[in-house]
Amino acid sequence: MTALHQTVGRAGSRILAYGAARGSEVVTNDDIVGPINSSDEWIRQRTGVIARRRATADVQAVDLAEEAAKQAIEAAGIRPEQIGAVLVSTISNTVQTPSLAALLTDRVGATPAPAYDISAACAGFTYGIAQADSFIRTGLAEYVLVVGAEKLSDYAKPTDRTISFLLGDGAGAAVLGPADEPGVSPTVWGSDGGKWDVVGMDSTLGAYRDGNGEVDWPTLRQEGPTVFRWAVWEMAKVAQQALDAAGITADDLAAFIPHQANMRIIDELAKQLKLPAHVAIARDIALTGNTSAASIPLAAHALLAEHPELSGGLALQIGFGAGLVFGAQVVRLP
């Protein structure tokens, strides 16, 4: 029997650099509380959000992705044509097809790299990191561009009190490359489709199309208490499983970079994990808002800018959200 050839990659992969792009408009709590009959104090106490960054009407998710990706590529010190795959996690593409990733590949000069979108919402960046790591270790690619890009303001209803006041716009990018030892741990990931309807869209595109003007454009909504309990109790278990899979303990961490869903969730996860005082915790949500797939790389980029001494250390990152889907892994910071 004739044997098939197979690719063989490197022993490990690691994140070489991040890039970031945030919406240019700073939207404070006072700017949005009127339609939801709320207050700056209520939003701060419930979510930790002081302001969120949103893009102008002429800026799309792909524009934010392009800015972040070009930053990451330059910081990684590679040429765009060296990129072997482009993975974009987004729920904000303006069309069902083609993918945002395909357009981004052209914009950054990475053609003809394979490109596709990942629809895993807030867990999408961790999904992309898991796939990029496997591509490099199996020889499918030498360098991989992973991007989380969202323009969630397009899906924020001004009168919604469940999630819309949290939402922001931005993109975060990471370039992964080969390493002689692992820089990305095994990923703990999964889904709970039984809770499919607790966070997501409030209508379908079909209903909007056939509604004769009586059905609003679909926007995001959530069952806040259900999501909060799931995120705190179930995701703490997933985060611990990721530490165990990496073969480390919380004491070995330099940073904790969770999805920026809600400051109370972030603080409770840190408490459940018993993180020691030396572990830096990303709290980018305070001034950026919840940017779904973009939140982890944006938070990582901001944390490293504020604390460059974290470079080379280990970070636990975990994403969780609509679906319900989740993913967690430990990465070595660039």
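- As recorded in an unreviewed UniProt entry, the chain goes by the name 3-oxoacyl-[acyl-carrier-protein] synthase III, listed as coming from Amnibacterium kyonggiense.
- The UniProt entry for the chain carries the following text under Sequence similarities (unreviewed entry): "Belongs to the thiolase-like superfamily. FabH family."

**Some points on the overall build of the chain**
Now for step 1: Of the regular secondary structure elements, the chain holds ten helices and 14 strands.
Now for step 2: Relative to the 2.2 N^0.38 estimate, which gives 20 Å for 334 residues, the radius of gyration of the chain is 19 Å and therefore close to what a compact globule would have.
Now for step 3: Out of the 334 residues in the chain, the part that is buried amounts to 55%.
Now for step 4: Long-range contacts, defined here as pairs at least 24 residues apart, represent 77% of the contacts in the chain between residues at least 6 apart.
Now for step 5: Surface accessibility of the chain: about 14,500 Å² in total, with carbon and sulfur atoms responsible for 52%.
Now for step 6: Seen as two clouds, the 25 positive and the 37 negative side-chain charges of the chain have centres 4 Å apart.

**Description of the sheet that holds strand 5 (residues 115-118)**
Now for step 1: Across the sheet, which stays open at both edges, the five strands sit in the order 1-7-6-4-5 with mixed pairing between neighbours. The sheet is open, and its two borders are formed by strand 1 (12-22) and strand 5, each paired with just one other strand. The mean inter-strand angle of the sheet, taken between neighbouring strand axes irrespective of direction, is 20°.
Now for step 2: Where strand 4 (residues 83-89) lies against strand 6 (residues 143-151), six bridges are found, and the strand directions are parallel. Within strand 6, the position partnered with L87 by the bridge is V146.
Now for step 3: Here helix 10 (residues 295-306) sits on the sheet and contacts strand 1 and strand 7 (169-179); the angle it forms with strand 1, its principal contact strand, is near 90°.

**Regarding the packing of helix 1 (residues 29-36) against helix 2 (residues 40-47)**
Now for step 1: Relative orientation of the contacting elements helix 1 and helix 2 amounts to 100°, with a least axis distance of 9 Å. In terms of axis orientation, helix 1 runs roughly perpendicular to helix 2. Together, N29, D30, I32, V33 and I36 of helix 1 and D40, I43 and R44 of helix 2 make up the contact between the two elements.
Now for step 2: Across the contact of helix 1 with helix 2, the residue classes break down as four nonpolar, one polar and three charged.

**Some points on the nonpolar core**
Now for step 1: Ranked by internal contacts, the top residues of the largest apolar core, which has 51 residues, are M235, L253, F256, L275, L316, I318 and F320.
Now for step 2: Here this core takes ten residues from helix 7 (residues 224-246), the largest share from any one element.
Now for step 3: Residues from two domains meet in this core; each of domain 1 (12-179) and domain 2 (188-333) gives at least three.
Now for step 4: Residue contacts for F256: discarding those within four places in its chain leaves I266, L269, A270, L273, L275, V279, A280, I281, A282, L316 and I318.
Now for step 5: Judged by nonpolar contacts, the second largest core, of 34 residues, contains I15, I118, I129 and I296.

Quick notes on the rules
- Residues numbered from 1 in each chain as written.
- Predicted model: local features only at pLDDT ≥ 70, side-chain atom pairs only at ≥ 80, totals over all residues.
- Heavy atoms only, no water.
- UniProt positions renumbered as here; feature names shortened; annotations may be inferred.
- Helix = DSSP H or I, 4+ residues; strand = E, 2+ residues; numbered from the N terminus.
- Rg over C-alpha atoms; globule rule 2.2 N^0.38 Å.
- Buried < 20%, exposed > 50% of the residue type's maximum accessible area, 1.4 Å probe, protein only.
- Contact = heavy atoms within 4.5 Å.
- Areas by Shrake-Rupley, 256 points an atom, 1.4 Å probe, with all protein chains shown as cover.
- Lys, Arg positive; Asp, Glu negative; His and termini not counted.
- Charge placed at Lys NZ, Arg CZ, Asp CG, Glu CD.
- Pairing = 2+ DSSP bridges.
- Axes fitted to C-alpha atoms, helices over the stretch in contact; angles between N-to-C directions.
- Parallel < 35°, antiparallel > 145°, perpendicular 65-115°, else oblique.
- Nonpolar A, V, L, I, M, F, W, Y, C, P; charged D, E, K, R; others polar.
- Core = buried A, V, L, I, M, F, W, Y, C linked by side-chain atoms within 4.5 Å.
- Domains from an automatic or database assignment.

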